[in-house]
Amino acid sequence: MPFLEESYDIAVVGAGHAGCEAALAAARLGFETIMFTVSVDSIALMPCNPNIGGSSKGHLVRELDALGGEMGKNIDKTFIQSKMLNESKGPAVHSLRAQADKQDYTSEMRRVLENTDHLTIRQAEISEILTEPAEEGGEKKRITGVKALSGAVYHCRAVVLATGVYLGARCVYGDVSNPTGPNGLQAANHLTDSLKEHGIEMYRFKTGTPARADRRSIDFSKMEEQFGDKRVVPFSFSTDPETVQREQVSCWLTYTNEKTHEIIRENLDRSPLFSGAIEGTGPRYCPSIEDKVVKFPDKERHQVFVEPEGLYTNEMYLGGMSSSLPEDVQYAMYRTVPGLENVKIVRNAYAIEYDCINPRQLDASLEFKAISGLFSGGQFNGSSGYEEAAVQGFMAGVNAARKLQGKEPVILDRSQAYIGVLIDDLVTKENHEPYRMMTSRAEYRLLLRQDNADLRLRKIGHEIGLVSEEQYQYVLWKEEAIQKEMERLEKRTVGAGEQVQDFLTRHNSTLLKSGTTLAELIRRPELGYEALKELDPERPSLPWDVCEQVDINLKYAGYIRRQMQQVTQFKKLESRKLPVDFDYSTVKSLRNEAVQKLNLYQPLNIGQASRISGVSPADISVLMVYLEQAGRR
């Protein structure tokens, strides 16, 4: 029977946030790339919250942008409110968060994809991966292509799986169970069988989304209005800050109460989450409202963020109240919330179950250990969130391309980027629930700030081939400008004269007893680089991003120095490479659990081995001794 047959370099399965970044990276590196989606209208869809960024997630987006990704540029073009979170705290935890116009976000990303050279978009459901033995008689396989449900075969040399929450998807609320993807879109019901036949271990995870309400039925006078920042900071380092200073819309904050909780408790027996109708494991750090009420019984109220879905619609997202309770219970509980007493629901809240993989089957390059040329990224890897998905898709797309280029994969370590922390956690730790990025997961977060992502990663993006020469040269100039200005401030002295003392008095700062440097004054908590301008007539005119780095690097110099010393120790462990496909049972004195875990994960180096649960410091000492002895032989 005849069927369609085509050839490409790289195939990307899925067109969500991971798939878009993977396809763009591969195509921009010159490889003929085809991206499959069950619906072209769902490209870069935001099926849950209408925002990009947030605590730690903003870091991921800025890192992605620094490497040459698209998400940051796209949200800069389509945001309707922007806010820097945690500004009352230190710069390590400052995170950008922007409300998106969902329709604009999707349309703009689709426009970029459709106008990218070497990229083909195809609406089709992929039902099989095609492989052959990587070497004669060996167990390892090599990818040769993918097959669509229609029977069409697409030959390729690398595949990136970025199926999101569509594999075997089922949307549930109350007694209603629909075998669909998010927003009623078609699920992908056939690929899981093919993956299992190839020996890939699958998990069943669950996430959820709250109801969408009609704006006209909400009484905002009973809620707290939440404004965007007066001065907007763009996500992308290549966006001119002046182009994002525009009128913003408001969001709103309200709270649940004891009446809300009472209705939920009375109907827990009707919740599929508690009745056993939902089998998948949900995200610990983004729980449903039922989960919150059960797990935190002493909490009198929970926040509800009421956010616009976009300028094109009256739909409002009721953040903080995701649920899978029946329709009538949803109406009852939402209408106990101040401002929502007369709410009309446009779309019910629901839980969604889907198939994903156990990510320990991946190398740090996001390539499957057992199938050469097969990569994966996003929620398919057991993570949650648009931002976590996008960075994984990008890294998978880059490394698929680099494999075809015959180059070493790009692997960011934990001291280089939040992306490195995310991927390292996925491939070395036991993950039995959707993984969410948090600032607390990063050991070196004072170095991995969102404001210095370009200084950390632009050079790597340039080496990959996704950052232009102009952007690269600017970062080199920026580094030099920061260093020169810091050196100048360390040398520039001021005395205890009347002008200086008056300045310090006005800023509630301790008066000087003798002369000091401007750098020392900047280190005072109540002062900063911008404030000291009037004492510094010789100050050069510098861009705001250079000034920001000068201020942070001087103010936190001692802490930064200490963290860099910690990174030096970390790098020593990361540089101690372990053998590939090694049988750890041959190493005497290793505990049985350590042998099992090390054989299972096959860590690349001592550092990675030390982060595997079940491998103790004593086991690491044994491995270090073994490596030293092996080196002498």
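Residues numbered from 1 in each chain as written. Predicted model: local features only at pLDDT ≥ 70, side-chain atom pairs only at ≥ 80, totals over all residues. Heavy atoms only, no water.

Student: What is the right way to look at the packing of helix H12 (residues 453–464) against helix H13 (residues 469–491) in this model?
Tutor: As a packed pair, H12 and H13 sit with axes 10 Å apart at the nearest point and diverge in direction by 145 degrees. Between H12 and H13 lies a crossing of left-handed hand. From H12, Asp 454, Leu 455, Arg 458, Lys 459 and His 462 reach across to H13, where they touch Glu 469, Gln 471, Tyr 472, Val 475, Leu 476, Lys 478, Glu 479 and Ile 482. In terms of residue class, the contact of H12 with H13 is built from five nonpolar, two polar and six charged. (Axes fitted to C-alpha atoms, helices over the stretch in contact; angles between N-to-C directions. Helix = DSSP H or I, 4+ residues; strand = E, 2+ residues; numbered from the N terminus. Left-handed = near helix turned anticlockwise from the far one by under 90°. Contact = heavy atoms within 4.5 Å. Nonpolar A, V, L, I, M, F, W, Y, C, P; charged D, E, K, R; others polar.)

Student: Is there a simple way to explain the packing of helix H10 (residues 386–405) against helix H11 (residues 418–428) in this structure?
Tutor: Packed helix pairs are characterised by how far apart their axes lie and by the angle those axes make with each other. Where H10 meets H11, the closest approach of the two axes is 11 Å, and the angle between their N-to-C directions is 85 degrees. In terms of orientation, H10 and H11 fall into the roughly perpendicular class. Each of Glu 388, Val 391, Gln 392 and Met 395 in H10 lies in contact with H11, whose residues at this interface are Ile 419, Leu 422, Ile 423 and Leu 426. In terms of residue class, the contact of H10 with H11 is built from six nonpolar, one polar and one charged. (Parallel < 35°, antiparallel > 145°, perpendicular 65-115°, else oblique.)

Student: Before we go on, may I ask you to explain the sheet that holds strand E14 (residues 202–209) in this structure?
Tutor: Paired through backbone hydrogen bonds, the strands of a sheet run either parallel or antiparallel to each other. Taken in spatial order, the four strands of this open sheet run E13-E12-E21-E14, and their pairing is antiparallel. Since the sheet does not close on itself, it has two edges, and those belong to strand E13 (176–178) and E14, each with one partner. Ignoring strand direction, the axes of neighbouring strands in this sheet form an average angle of 25 degrees. One ladder, built from three bridges, connects strand E12 (residues 170–173) with E13; its direction is antiparallel. (Pairing = 2+ DSSP bridges.)

Student: Which parts of the structure should I look at to understand the side chain of Lys 478?
Tutor: Position of Lys 478 relative to the elements: it lies in helix H13. Excluding its chain neighbours within four sequence positions, the residues that come into contact with Lys 478 are Asp 454, Leu 455, Asp 545, Val 546 and Gln 549.

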